[in-house]
Amino acid sequence: MRYLLFAIIVFIAGYITARFSLITQALELANFAWEHGVVGRTIKGFLILSIFFFLFCIPIERIVAREATNEFLSSALFNPANILQKGVMGGSKSSSGDVLMRIFWPLNYPRDDEPGVLVGWRNSETDIFVVTILNGVNSTRIDNELRSGSFFRKSRPSIDRIFDICGQQELCVLGDVNGFAAEKEEFHPEYLHTFTHKSSRYPQIYCPSTSGVTMQVILFEEPDPRRMEFHSLTPISLALEDNGADGENDDMEIKDREKQELLVEKLKQHTVTRIPPTEKEESLQMIIHQINCTHETTEILRINVELLNSRRYRRALSVSERVVESAHSVWRTALGYGWALVMCCFPWVVNIFVIIMLFWRYLAHLLLLILEWRLKPELAALKDISATAQQCDIRLQQFCYWPLQYDTVRQRKGDLGDATNSYPHYIRFYNSLWLVANDIIIGIALGSYLIENGTTVADTIDYYLKTYTIDGLGRTIQWLLIDPGGLKLNEELDRFLGDLFGWVLNYWADITMQISPWLPTIIYAIGISSFAGASMPIALFSDLLSILTIHIYSFYIASARIYNWQLSIIYSLFHLFRGKKINVLRKRIDSCDYELDQLLIGTTLFILLIFLLPTVMVYYCLFAASRMAIIILKAALETCLACLNHFPLFALMLRVKDSKRLPGGIMFELKDPVEVAQGFQHKFDTAPIAYIHLKSTPLPLSAMFKQYSQLGMRLKRHYFSARVISCLLTGKAVPPIHRRNLYSMQYSMLPTVRAHWREVWERLRK
Amino acid sequence: MFTHPPTLQIRTPSPTTTEFIVTTRPPPSLSRTIVSVVVGSLRLVAFLTITTLLLSQHRLIPPWAALLQRDERLDPKWLYPISATVLWIIAQRSYTEESLLVIRSLGVQTSTTAGTLIGMGRKTRFIQTEKVRDVVINEGFYGMEVRFYLAVLVEGEAALSVVFPTLLPGRRICEQVWRGTRRCLYQGEKTKS
């Protein structure tokens, strides 16, 4: 009927348009209006009016509305004394029979007047969890079907799994929506009466003030499991848990943790009365699980309700219908046979693939063994010395871990329930894949640049090396030979040291001259290696830098030794000068009677060394400073490596795309009761109801970059400690930070022990 | 003119749910509304000016607004720092608001507006009732003075979780909030047991 009417209307409209040539006339009119400037005037008028509206009408309206609400609120709500008095009175009056009722309500329910049935979980008498509203069904029939368990004809196993997660409870009917005229009914906590309307976002719940119940309605947005959203009480961790303790083997950190544990123990003795948590308070974790399952449960309920409604129309097919259907499905049957054949071959293909992969994994394992091999347990392995070896080690370990990680991620598909454990795996796996892919993309760009401009880059490197590490150093040594900055140095010692370092430097310059023709080839090789990722050339550059500046390192060692010896001799001669000596056995300073000749010689030597000290110190300062500069340069390269290897790129992208996938806890927002009550249709006397909105907070950035800040903290603690600075001042060798502490961040996404190949085989075969 | 000594506002839709808000926002009045409108329009004008300057510096002004294009470029040494400072000042919030939401049977939630970005910087922390060991008022050194503060003792954590950490309202407000919190969290249970 409706289509017929529509067709008639269209016909009439078309006829009128054609009969009176409406379009031509409209065009003419428009043309006329345009020529006489009507359009411009209209726009001007519109603009002036709208400016007037925006400037005056809207502000005045806003101000009036605000003032009105402010007046109202300040008289009614925001008067603390008033409220407190009320609270005290209310508390004393109603505390005898006050029952707290908690209702969890999903926010995306249909907002209309249609009657329906509330279905959900009843966690306890006064703790209710609404899953969904079912429209167009009979309440008692649904209740019976749910009770007898015959409701879920379809998808029984998945609903069983959901019940498992949500505390082994069957769904039941909790009440009705828009069911009846509520005014005279009594309030039953077992059967709620609620009302929804399109004017309000919030459900209205019938609960008269005589019932002695106070209500909390907690509204939540149900997370969509297909989009991998979920709520969680604790922030999800991006690092592997079993590595957490391993990374913290810094002495200071262990001490700090012990101190904190002591404090916690002390705090436990603080509280005088301990109020045991009620059942409701303990069930929060389960409620979060229920919230996570809401979406799935709703889907299953919808399907089953449709089945329930359509069940009576079902009948068997007649013979002719069957013939038609089999004729239709010939092609499908053929396809089915083909598919079966493919499925028959599939395990073989998979097995061959797994075997090939295991072979590669075994090769990687062998390489890793070489990289980790130590001559003696206390000596450094290859990967501890060279950044390149370290980089290879990380990539190979990642490669070895991927099959297992992939297996874990794939298993998650079968089990949506325990989201909190499985999603971090997913994020970690794709984060490492993304990082490697990114690394390779940047690496290809860098590599092609290096290959094309190999000679230029080599020339630049050669130039800088020569100017700063050889010529610059030589010039500074020359400068030190002629009273630097007016400092009076001992001329003979100065010339000796200057000549010594100068000769070695000249010899090193000769060697670099030999090397420099090969530099373009080396750069070319580095360029080719960068197709394995941009981190590779950076690591290689870092190694190249340490090889090409090895002379500075040796100068530093030599000058530091001389300086340190001299300082310690001065120290002991100073004690001799005072008539004391160090008692090594008792570790203290004793008085000692020296002979006159001993004292004379000692004092002479002491004065001599004091006068020679500035000369040695000047050289030590020079080489220590250049050594520091190189260390800082290498640290910058290492930071680049850390960013390329461990940057939480995937997590950041997820945070931008859909922050619900990275939950960092939950938060509540109390809704304004006046605002909530405005939209309600039924006006009746109600007990106090608090509307609270439950939201998921996204993981804060500080938690994502926690490991970076931890690493920075460790570096700061190590290199800015008094011990290191005193070592630097006295010329002792600065103790390097333990490599495991430095690289714990990079390994935090990998397990400490590599799985055996047999385990991998078994897990992949499954 | 823009801020006010910290005042306490309490919202209790039901005796089991209370929100305590401590804010330096002045109480609503006509003069404040006018001031906020003026400040808001000044902010908008400053933001538009800075954007136009920056766009015209890089010749990025779209063709329909070619009037705004300046021919000579400004000295980048001054332009960038000044525009960054102005943008930072624009983004400042004129008041601080901190709140404590107490929900019986769920827990307590502290929240703080971090003073920089409008709308974005709200830090919340929710503590389940299970984890709440106690709510206390304590004294602590704060710069050169001793201040009272309200804190939540959390199970298994060494650090106190301070409520209203930036405003640190006086003892009177702390006491009021403390009484309200304890009543809201525990009173029902006491009478039951």
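Keep in mind it's a predicted model, so treat the numbers as computed, not measured. (Residues numbered from 1 in each chain as written. Chains lettered and ligands numbered in written order. Predicted model: local features only at pLDDT ≥ 70, side-chain atom pairs only at ≥ 80, totals over all residues.)

J.: Explain the overall build of chain A here, please?
T.: Across its full length, chain A holds 28 helices and 11 strands. Among the 766 residues that make up chain A, the fraction classed as buried is 24%. Nonlocal contacts in chain A, meaning residues at least 24 apart in sequence, comprise 78% of its contacts between residues at least 6 apart. (Helix = DSSP H or I, 4+ residues; strand = E, 2+ residues; numbered from the N terminus. Buried ≥ 20, exposed ≤ 12 C-beta atoms within 10 Å, placed from the backbone. Contact = placed C-beta atoms within 7 Å.)

J.: Sorry if this is basic, but what is going on with the sheet that holds strand 6 (residues 132-142) of chain B here?
T.: Pairing between sheet strands relies on hydrogen bonds along the backbone, with the strands arranged either parallel or antiparallel. Residue and element names in this part refer to chain B. The three strands are arranged 6-7-8 in an open sheet whose pairing can be described as antiparallel. Both edges of this open sheet fall to strand 6 and strand 8 (161-163), since each of them pairs with a single strand only. Neighbour-to-neighbour, the strand axes of the sheet open up by a mean angle of 40°, direction not taken into account. (Pairing = 2+ DSSP bridges. Axes fitted to C-alpha atoms, helices over the stretch in contact; angles between N-to-C directions.)

J.: Just checking my understanding: could you explain the interface of chain B and chain A for this structure?
T.: Frequently, the measure chosen for interface size is the accessible area removed from exposure when the parts meet. Chain B puts 37 residues into the contact, and the matching count from chain A is 43 residues. Sorting the residues of the side of chain B that touches chain A by element identifies strand 1 (7-14), strand 2 (17-23), helix 1 (30-57), strand 3 (97-103), strand 5 (122-128), strand 6 and helix 3 (171-192) of chain B as the ones contributing at least two each. The element that contributes the greatest number of residues to the side of chain B that touches chain A is strand 1 of chain B, accounting for seven residues. Along the lines of polarity and charge, the residues of the side of chain B that touches chain A split into 14 nonpolar, 15 polar and eight charged. (Nonpolar A, V, L, I, M, F, W, Y, C, P; charged D, E, K, R; others polar.)

J.: What's the story with the domain arrangement of chain B in this structure? I'm lost.
T.: You can read the domains of chain B as domain 1 (7-25 + 97-192) and domain 2 (30-91). In this structure, domain 1 of chain B and domain 2 of chain B have C-alpha centres spaced 39 Å apart. (Domains from an automatic or database assignment.)

J.: What is the right way to read the nonpolar core from this model?
T.: Within soluble globular proteins, side chains that are nonpolar tend to cluster in buried spots. Grouped together as the largest cluster of nonpolar side chains are 79 residues, with contacts concentrated most on Met215(A) and Val217(A). Each residue touching Met215(A), except ones within four places of it in the same chain, is listed here: Met101(A), Ile103(A), Ile205(A), Cys207(A), Ala687(A), Ile689(A), Ala690(A) and Ser14(B). Counting residues in each nonpolar core, the second largest holds 14 residues, with Val616(A), Leu622(A), Phe623(A) and Ala624(A) among its members. (Core = buried A, V, L, I, M, F, W, Y, C linked by C-beta atoms within 7 Å.)

J.: Would you explain the sheet that holds strand 1 of chain B in this entry?
T.: All names here are of chain B. Spatially, five strands are ordered 1-2-3-4-5 in an open sheet, and the strand pairing comes out antiparallel. Since the sheet does not close on itself, it has two edges, and those belong to strand 1 and strand 5, each with one partner. Averaged over all pairs of adjacent strands, the angle between their axes in this sheet comes to 15°, without regard to strand direction. Strand direction decides the pairing type here: strand 2 and strand 3, joined by seven bridges, are antiparallel. Within strand 3, the position partnered with Thr18 by the bridge is Val102.

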